[in-house]
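The chain contents come next:
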Amino acid sequence: MTVEADLAIAWLRATAVSVAGRADELTRLDAAIGDGDHGVNLNRGFTAVVAALDAGSFPDAAAVFVKAGTTLISKVGGASGPLYGSAFRALGKALPPGPGVTPADLVAGLHAALEAVRKLGGAEPGDATMVDAWRPAADAFEAAVAGGSGLPVAAAEAARAAEEGARATIDLQARKGRASYLGERSVGHQDPGATSTALIFKALADVAA
Ligand code: ADP
Ligand code: MG
């Protein structure tokens, strides 16, 4: 199973549906330690991504991800828009052009996306950000592919790791973004961005299954 433009579009559509359904929950998490707009931000962003994908035609998965990233950067005002936008742009740019993108290509792409987030936001693992879900997801995806698994299994492993990583942010003190202003009082709260990253990887697992 390869990652063609159709699958990339299906992933982003599934993400948009999931984000819309969980927007209130994401916003509630952000209200506790930030400014209460994460669900609104991402819902606006992924709604715009779906509209942009509907309006265009795309030769390959790389072009789909670059378009999604550019759209997120331009449509989302909060920190998460540029961060996720850079992630998807980096993912697209890391993939070989044309059909037949393999799970191994996606390993490189997911790591490139992570590096883009870290370069832009400066977050280290353990800072209680989306990095704490994205990194274990990319690592789990890589390990599954290295072990010979195809896309469905690798994506399921990544989704499980992202979910665990997001839950583990409850015990971490936020050191980047608005939640860091709370200092130690951010401990005990799950990071909204790590939570949305888990939704993104669950959406991939669902469309790959
Ligand atoms: P804002 O903080 O501007 O209101 P959002 O509420 O949409 O933006 O997104 C907040 C999420 O963005 C956080 O939960 C965190 O996961 C992520 N985030 C914020 N700053 C950074 C950063 N410097 N690096 C990585 N992720 C970050
Ligand atoms: Mg916010």
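Structural data are supplied above this passage.
This one's a predicted model, so the numbers in the text were calculated from it and none came from an experiment. Going along each chain's sequence as written, the residues are numbered from 1 onward. Labels are handed out in written order, letters beginning with A for the chains and numbers beginning with 1 for the ligands. With the structure being a predicted model, the display of local features is reserved for residues of pLDDT at least 70 and the display and counting of side-chain atom pairs for 80 or more, all residues being used for whole-chain, interface and lining totals. Based on all heavy atoms of the structure, the side-chain values leave hydrogens and waters out of the count.

Chemist: Where do I start with the site of ligand 1 in this structure?
Modeler: Here a residue is considered near a molecule or strand provided that any single heavy atom belonging to it is located within 4 Å of it. As a matter of local geometry, ligand 1 sits amid 20 residues, with D35, N41, A79, S80 and D191 nearest to it. A distance of 2.9 Å separates a nitrogen atom of ligand 1 from a polar backbone atom of G121. Polar contacts here mean pairs of N or O atoms no more than 3.5 Å apart (in protein, one a potential hydrogen donor and the other a potential acceptor; neighbouring residues in sequence count only if both atoms are side-chain atoms). In the environment of ligand 1, an oxygen atom lies 2.6 Å from a nitrogen or oxygen atom belonging to the side chain of D191. Here, Shrake-Rupley sampling with a 1.4 Å probe gives the accessible areas, and only protein chains in the shown set may cover a residue. Computed on the free molecule, ligand 1 has an accessible area of 570 Å², of which 92% lies beneath the protein chains in the complex. When atoms are counted within 2 Å of each cavity's grid points, the one that captures over half of ligand 1 is the largest pocket. Contributions of two or more residues to the shell around ligand 1 are made by α2 (38–55), α4 (80–94) and α8 (192–208). For the purposes of this entry, the term helix denotes a DSSP run of H or I that reaches at least four residues, the term strand denotes a run of E that reaches at least two, and both are numbered from the N terminus. When residues in the shell around ligand 1 are grouped by element, the largest group, three residues, is from α8. In this classification, Asp, Glu, Lys and Arg are treated as charged, Ala, Val, Leu, Ile, Met, Phe, Trp, Tyr, Cys and Pro as nonpolar, and every other residue, Gly included, as polar. Considering only residue class, the shell around ligand 1 consists of six nonpolar, eight polar and six charged. Definitions used throughout: a 1 Å grid over protein atoms alone; a cavity as a set of points that fits a 1.4 Å probe which cannot get out; a pocket as an open set with protein on both sides within 12 Å along at least five of seven lines; a lining residue as one with an atom within 4 Å of a point. To be counted as sitting in a cavity or pocket, a molecule needs more than half of its atoms within 2 Å of that site's grid points.

Chemist: Sorry, what's going on with the packing of aromatic side chains here?
Modeler: Each aromatic ring pair is characterised by the separation of its centres together with the angle its planes make. Put simply, two rings from Phe, Tyr or Trp (the six-membered ring, in Trp's case) pair if the centres are within 6.5 Å, and we call them stacked under 30 degrees between planes, edge-to-face over 60, tilted for the rest. One pass over the full model with this rule turns up seven aromatic pairs. On the numbers, 6.2 Å between centres and 25° between planes, the contact of F65 with F88 is stacked. On the criterion of sequence distance, the pair formed by F65 in helix α3 (residues 61–75) and F88 in helix α4 is long-range, its members being 23 residues apart. Each residue is assigned to one of three classes by its accessible area relative to the maximum for its type, calculated with a 1.4 Å probe on protein chains only: buried under 20%, partly exposed between the two thresholds, exposed over 50%. Residue classification places F88 among the buried residues on the basis of a relative accessible area of 0%. An angle of 45° between the planes, with centres 6.5 Å apart, marks the rings of Y84 and W134 as tilted.

Chemist: Where do I start with the pattern of salt bridges in this structure?
Modeler: Proximity of charged atoms lets side chains of opposite charge pair with each other. Take a side-chain nitrogen of Lys or Arg and a carboxyl oxygen of Asp or Glu: if they are within 4 Å of each other, that pair is a salt bridge. Inspection of the entire model under this criterion finds nine salt bridges. In this structure, E163 and R167 form a salt bridge, with 3.5 Å as the shortest nitrogen-oxygen distance. Placement of both E163 and R167 in helix α7 (residues 151–168) is noted, with a separation of four residues, approximately one turn of the helix. Using a relative accessible area of 35% as the deciding quantity, one classes E163 as partly exposed. Judged by its relative accessible area of 45%, R167 is partly exposed. A salt bridge links D206 to K202; the shortest N-O distance between them is 2.9 Å. Remark: K202 and D206 occur in helix α8; sequence separation between them is four residues, near one turn of the helix.

Chemist: Even after reading the chapter, I still don't get the coordination of the magnesium ion (ligand 2), so can you show me in this structure?
Modeler: Six octahedral donors around a metal ideally subtend angles of 90 or 180 degrees, whereas four tetrahedral donors ideally subtend 109.5 degrees. The rule for donors is simple: an N, O or S atom within 2.8 Å of the metal counts, and for Na, K and Ca the reach is 3.2 Å. Water is not among the atoms, so a site may look short of donors. Taken together, D30 (OD), D35 (OD) and D37 (OD) make up the full set of protein donors to the magnesium ion (ligand 2), lying 2.0 to 2.2 Å away. Each donor residue of the magnesium ion (ligand 2) lies on the same chain, and together they follow the pattern D-x4-D-x1-D. A relative accessible area of 36% places D35 in the partly exposed class.

Chemist: Even after reading the chapter, I still don't get unusual backbone geometry, so can you show me in this structure?
Modeler: Backbone geometry follows two general trends: most residues other than glycine have a negative phi, and most peptide bonds adopt the trans configuration. Unlike most non-glycine residues, A128 shows phi in positive territory, near 65°. Relative to the elements of secondary structure, A128 occurs in the loop between α5 (103–121) and α6 (131–146). Judged by relative accessible area, A128 falls into the buried class, the value being 5%.

None of the figures reported here should be taken as evidence of function without further support.
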